[in-house]
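These are the residues of each chain, in order.
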Amino acid sequence: DLPQCSFLFALRLFHYFSAVISLAVRIVHSGQTCNVEEERYSERVYTIREGETLELQCLVTGHPRPQVRWTKTAGGASDRPGDSSLHNETLKIEKITRHQGGRYYCKAENGLGSPAIRSIRVDVYYLDDPVITVHQSVGESKEHFYFERTVFLRCVASSNPPVLYTWRRGREALSQGSDSGVEIYEPFFTQGETKILKLKNLRPQDYADYTCSASVRSVCGIPDKNAHFSLSNRTAPPSIKLQVDEPLVVNPGETVTLVCVASGGDPPPTLTWLRPGGEELPKRSVLKGGTLTIPAVTVEDGGAYSCMAANNVGNPAKKSATVLVRGLRKGRFWITPDPYHNDDHIQIGREVKISCQVEATPPEELQFDWLKNGRPLRSSERMVITHGDGEAAPGTTHLDIIDLKFTDFGTYTCASSLRSGGSPEISIDVNISSTTVPPELTVPRGRSHLIVQEGDTVDLQCLVSGKPKPIILWSRVEESGSAAAAPLLMPDGSLQTESYDGVLRIHNVSRDMSGTYRCQTSQYNGFNVKPREALIQLVVQFPPVVEPVYTEVRQALGRAFSLTCRLLRAHPARLLRYEWKLGSRLLTVGQFSDQKDDTNYQVRALNREGYGEYTCDITNEAGAGRCTFLVTGKAYPPEFYYDTYSALWQNRPRVYGFKLQWTQMEPNAVDRILAYRLGLRQMGQTRWWEQEIPMEGNIQKGELLTHNLTELVKPESYLVRLTPITRYGEGDATERVITYSGTCGFEDEAVCLFSQDKTDEFDWTRHSAATRDTKYTPNTGPSTDRTGSKQGFYMYIETSRPRQDGDKARLLSPTFNMNSKGGNSPAYCFAFFYHMYGKHIGALNVYLRQKGQTVTDESVWSLTGNQGDRWRQAKVNIHPTTAFQMVMEGVRGAGIEGDIAIDDVTIEEGECKDPPPNSELKPNMLDPQLNSRWQHCTQYCSSEG
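Just so it is clear, the model here is predicted, and its values are computed rather than measured.

J.: Which parts of the structure should I look at to understand the state of the cysteines?
T.: Working definition: the covalent bond between the sulfur atoms of two cysteines is a disulfide. Enumeration over the complete set of coordinates arrives at seven disulfides. A sulfur-sulfur distance of 1.9 Å marks the disulfide that ties cysteine 462 to cysteine 519. Handedness of the cysteine 462-cysteine 519 disulfide follows from its S-S torsion of about -85 degrees: it is left-handed. Of this pair, cysteine 462 sits in the loop between β38 (458-461) and β39 (463-467) while cysteine 519 is found in strand β43 (residues 515-521), placing the two residues 57 residues apart along the sequence. Both residues of the pair, cysteine 462 and cysteine 519, count as buried. Paired by a disulfide, cysteine 565 and cysteine 627 hold their sulfur atoms 2.1 Å apart. What sets the handedness of the cysteine 565 and cysteine 627 disulfide is the S-S torsion sign, and at about 70 degrees it is right-handed.

So this is what it looks like as structure tokens:
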């Protein structure tokens, strides 16, 4: 159950935002990183090792609450299409790869003003295993009659940052100049990418084991990596032999075995099989050493296969073999009437040619046989059979019938097969008779102009006559004058569709399928004559497309307003009618004129009966398009101000408070907001606590409203719901989660209700390293806040002039009331981070100030002197017996290099848990009064932060 809560009435702060609280963005990191460098005038560089987890958080301020997006491109007013992005404040990439490095942008926008953008460059560090390759050259010197043999050992490793190479021969480290027969250099155009070891005029001692070490100097903890090569007088580049016929011709279903053996090379080469163009090997294939086995081979498995041998010496050896899988495909025929007469018909006494084409593998095994009425046909003076002439495509045979006679009528069969078998033959029958006539193509009457409704199924039909009846090819025709960049596609996505019955059926026809369709006869499986064609016009009607399809209109009572429904497109676009309704009540009807593309409905003075759903239907022959307007008096949702400070420090350590702030979206759009209904629910609970917050007068646009929540139990989180109320009723609600943070990081200007002591010599200063001026004191103070961010804030004492030795600055916490029960004094843990760097560091003292009948200060922690350029944490147990404050006192030392800083202060009920390692408390030599209290100090702990 929720604790009993008391709520203060809302405070009206008459502070207005003209448009938007200026957006601000900063990027912080968490997780694994090697280094974060700050570039003052450009951006931050985040270094991470490949394979680790990248986690960046974009911290934004601004009102209304900005939407945050991460991208790898900057974008502009409108972001570039295709950019990958993440709509989240946290960017997390697990197991990051080198390709994911680069510049990341955090972009925050809330629709007002300009977006806020910050960037960070992610540098991914990696080091691949180095590889040694060996090349040999032989130079001839004719004057001295000897041959010089030179060997180059090249070491290459991909890395970031650039790799540092070192060479060893056996255990001997090699460097330039250490051996006259050795030269070490980097090629001019590949500096940093490789290191070459040149062995000039090879000597016996050069035959040895060589090691190349690649190092990135242990950045990100990346270890050095080594490669080894043993150079001998047997070292040689690879050579291979293929033990396979070229080409290898097989039948479908057989097992193919390709054998590749190494015929030379030292070290022994590695053998691999590849297909050209990076194509994968068949999934069924088995690769073992240099032997590639393909069981149950198919036609698709045919093609070139290459064996490659490599041993990092010289160039790889490569040889290829071709696998041909027997098969016949795509049998076609065509009839060509007498080419010497301008007539498409077959006539007695004239020539006619029958052609037959088949695709065959291998093509040289293809053979044809001609038959007439089932009997073999031999070539003669009047029946001339030819195969594969130069004008026709490969795999073509022709039968020329000279001086056609009546007795030549019959059925001619073209039978194709492979000489070695292995594939079924393909036979094509062609009938030559008095009824063999060229095709004619027509469109049925009344079917050349079709009008259909969108979503229908439509048949486009072309009637084809002739014998043999050809295949019909369907395609779309470009509109005259159209400058389309790409040809129009058929409904199935192809450029052309085949039909055997002349019918093209289109299911679920859409408006983009309107246009002209062409049907034409094919020149195969029919007469080889000019194609016949016909055109069909398809008109697809569709209902009006209107806008807005749905919109919400918020209006106050008594106001006048207008609703507009716009026509975007329709077919047909004539005789359009409109009809306005409120619910089921008809308001008005009418007809569009040719010049008008919208219709309006006016409401002169809105009354309660005028609220509801208004519809406007615009209709044509195909249907209706509807605009819907929901007219409501509901108030818009409030917009929480998320840059409110975190949990408030209060006077009792067990509870906390929160300043809830918001503005009202478009407060003048509806009637005056009378009150807000505030709901509060502890996370994990089901019970809601509700209260009304009355509002006096009109709320102005941009006015910041405030309500203090108190008595919230630490460390629980709460769901808050805020609902505006007008005389119309409840408006739209907004919810947010309040999360307790027990740490004061001084990120807000209220500094967690800490205050400056009025009786000291100077004040603590709230600052961030990003803006701090180190002109006069460069060797003191922190370079970041406790989390490592230069944008984060902390409190520090500035010890430059006019400060004097011994000057004190005191920072007072809020006053905390006691939660003692039964007379026992509870323990509290007070923890903080401190930074004490500089040769003139004075002292940092912590006091427990108890406010009983008299005010007493008790020293509970003290430290003096330079502690190094780092943040450290201190924890101390305190046992107050009455209301108390914590006092943080900074004492100026002997010079200006004595800045002291504190950050992330917490106070929690109970003994300190997991305290830092104990460190001896040293007396403060600057303050004798503290020394006298030395024996009364409680437990003190300090460790590096």
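Having seen the model, we can carry on.
J.: Explain the nonpolar core to me, please; I cannot follow it from the model alone.
T.: Soluble, globular proteins show a tendency: their nonpolar side chains are buried together. In this structure, Phe746, Trp764, Phe830, Phe832, Leu844 and Trp861 are the most contacted members of the largest nonpolar core, which totals 34 residues. Every element with two or more residues in this core is listed here: β64 (793-797), β65 (808-812), β66 (828-836), β67 (843-851), β68 (855-864), β69 (872-878), β70 (884-891) and β71 (900-909). Of the residues forming this core, the biggest block, five residues, is contributed by β66. Setting aside its immediate chain neighbours within four residues, phenylalanine 830 contacts Val846, Ala874, Lys875, Val876, Met886, Met888, Val905, Thr906, Ile907 and Cys912. Grouped together as the second largest cluster of nonpolar side chains are 28 residues, Val134, Ala157, Cys220 and Ala227 included.

J.: Sorry if this is basic, but what is going on with the sheet that holds strand β28 (residues 327-337) here?
T.: Strand pairing in a sheet relies on backbone hydrogen bonds. The paired strands run either parallel or antiparallel. Strand order across the open sheet formed by five strands is β32-β33-β29-β28-β44, with mixed pairing between neighbours. Pairing within the sheet leaves two strands with one partner each, and these edge strands are β32 (383-387) and β44 (526-527). Two strands pair when backbone bridges link them, and β28 and strand β29 (residues 352-361) are joined in this way by nine bridges, in the antiparallel orientation. Paired with glycine 327 across the two strands is threonine 361, which belongs to β29.

J.: Is there a simple way to explain the pairing of β43 in this structure?
T.: Regular strands have side chains that alternate between both faces of the sheet. Counted residue by residue, β43 has six buried out of seven residues, so it is predominantly covered. Bridging between strand β40 (residues 472-477) and β43 involves six bridges; their strand directions are antiparallel. Across the sheet, residue valine 477 finds its bridge partner in β43, namely threonine 516. Of the strand pairs in this sheet, β43 and strand β45 (residues 533-547) are connected by six bridges, and their pairing is antiparallel. Along β45, the bridge assignment pairs cysteine 519 with alanine 534.

J.: Where do I start with the packing of aromatic side chains in this structure?
T.: Each aromatic ring pair is described using two quantities: the centre-to-centre distance and the angle formed by the ring planes. For the structure on display, the rule yields 17 aromatic pairs. Plain terms: the ring middles of tyrosine 828 and phenylalanine 884 are 5.4 Å apart, the flat faces sit at 45 degrees to each other, and that makes the pair tilted. With a gap of 56 residues between them, tyrosine 828 in strand β66 and phenylalanine 884 in strand β70 connect regions that are remote in the sequence. Residue tyrosine 828 shares its accessibility class with phenylalanine 884, and that shared class is buried. Pairing phenylalanine 830 with phenylalanine 832 gives two aromatic rings, centres 5.7 Å apart and planes at 45 degrees, and the pair type is tilted. With respect to burial, phenylalanine 830 and phenylalanine 832 carry one shared label: buried. Through successive ring pairs, a cluster of aromatic residues spans Trp580, Tyr601, Tyr614 and Phe629. We note arginine 98 situated over the ring of tyrosine 126; from NZ or CZ to the ring centre the distance is 3.7 Å. Positioned above the aromatic ring of phenylalanine 542, the side-chain terminus of arginine 511 is 4.0 Å from the ring centre.

J.: Explain the pairing of strand β8 (residues 90-93) here, please?
T.: The two faces of β8 differ: Leu91 and Ile93 on one face are buried, but Thr90 and Lys92 on the other face are not. In this structure, strand β5 (residues 54-63) lies alongside β8, joined through four bridges in antiparallel fashion. Its bridge partner lying in β8, leucine 54 is registered against isoleucine 93.

J.: Before we go on, may I ask you to explain the pattern of salt bridges in this structure?
T.: Side chains that differ in charge, positive against negative, can pair when their charged atoms come close. Scanning the entire structure with this criterion turns up 37 salt bridges. With a shortest N-O distance of 2.7 Å, aspartate 128 and arginine 98 are connected by a salt bridge. A residue pair is termed long-range when its members are at least 10 positions apart, and aspartate 128 in the loop between β10 (116-127) and β11 (131-141) and arginine 98 in the loop between β8 and β9 (102-109) qualify at 30 residues. By relative accessible area, which is 25% here, aspartate 128 ends up partly exposed. Between aspartate 732 and arginine 554 there is a salt bridge, with its nearest N and O atoms 2.3 Å apart. Separated by 178 residues along the polypeptide, aspartate 732 in the loop between β59 (729-730) and β60 (734-738) and arginine 554 in strand β46 (residues 550-554) bring together distant segments of the chain. Judged by relative accessible area, arginine 554 falls into the buried class, the value being 8%.

J.: What exactly am I supposed to notice about the sheet that holds strand β49 (residues 585-591) here?
T.: The strand order across the open sheet formed by five strands is β46-β52-β51-β48-β49, and the pairing between neighbours is mixed. Both edges of this open sheet fall to β46 and β49, since each of them pairs with a single strand only. The mean inter-strand angle of the sheet, taken between neighbouring strand axes irrespective of direction, is 20 degrees. One ladder, built from six bridges, connects strand β48 (residues 577-582) with strand β51 (residues 612-620); its direction is antiparallel. Within β51, the position partnered with tyrosine 578 by the bridge is isoleucine 618.

J.: I keep staring at the environment of leucine 450 and nothing clicks. Help me out?
T.: Residue placement: leucine 450 occurs in strand β37 (residues 449-453). Sequence spacing of leucine 450 and leucine 460 is ten residues, and the spatial spacing of their C-alpha atoms is 8.4 Å. If near-sequence neighbours (up to four positions away) are discounted, leucine 450 is found in contact with Val458, Asp459, Leu460, Ile536, Gln537, Leu538 and Val539.

J.: Got a minute to help me understand the side chain of arginine 681 in this structure?
T.: Secondary-structure assignment places arginine 681 in strand β55 (residues 675-682). Here the side chain of arginine 681 touches glutamine 685 through a polar contact of 2.7 Å, landing on its backbone oxygen.

The rules behind the values
- Every residue gets a number counted from 1 within its own chain, in the order that chain's sequence is written.
- In view of the model being predicted, local features appear only for residues whose pLDDT reaches at least 70, and side-chain atom pairs are presented and counted only at 80 or more, with totals across whole chains, interfaces and linings using the full set of residues.
- Excluded from the side-chain calculation are hydrogens and water; included are all heavy atoms of the structure.
- When the sulfur atoms of two cysteines come within 2.5 Å, that pair is taken as a disulfide.
- The secondary structure listing takes helices from DSSP runs of H or I that are at least 4 residues long and strands from runs of E that are at least 2 residues long, numbered from the N terminus.
- Only protein chains enter the accessibility calculation, which uses a 1.4 Å probe. A residue is then buried if its area is under 20% of the maximum for its type, exposed if over 50%, and partly exposed in between.
- Nonpolar cores are built from buried Ala, Val, Leu, Ile, Met, Phe, Trp, Tyr and Cys residues. Side-chain atoms within 4.5 Å join them into one set.
- Here, two residues are considered to be in contact whenever any of their heavy atoms come within 4.5 Å of each other.
- Two strands form a pair only when DSSP identifies at least two bridges running between them.
- For this analysis, a ring pair means two rings from Phe, Tyr or Trp (six-membered ring only for Trp) whose centres lie within 6.5 Å, classed as stacked if their planes differ by under 30 degrees, edge-to-face if by over 60, and tilted for the remaining angles.
- Think of it as a cone above the ring: NZ of Lys or CZ of Arg counts as a charge over the ring if it is within 6 Å of the ring centre and within 35 degrees of the ring normal.
- By convention in these notes, a salt bridge is any Lys or Arg side-chain nitrogen within 4 Å of a carboxyl oxygen on Asp or Glu.
- Where helices are involved, their axes are fitted lines through C-alpha atoms of the stretch in contact, as for all axes, and angles between N-to-C directions lie from 0 to 180°.
- The definition of a polar contact used here is a pair of N or O atoms within 3.5 Å, where within protein one atom must be able to donate a hydrogen and the other to accept one, and adjacent residues in sequence count solely through side-chain atom pairs.

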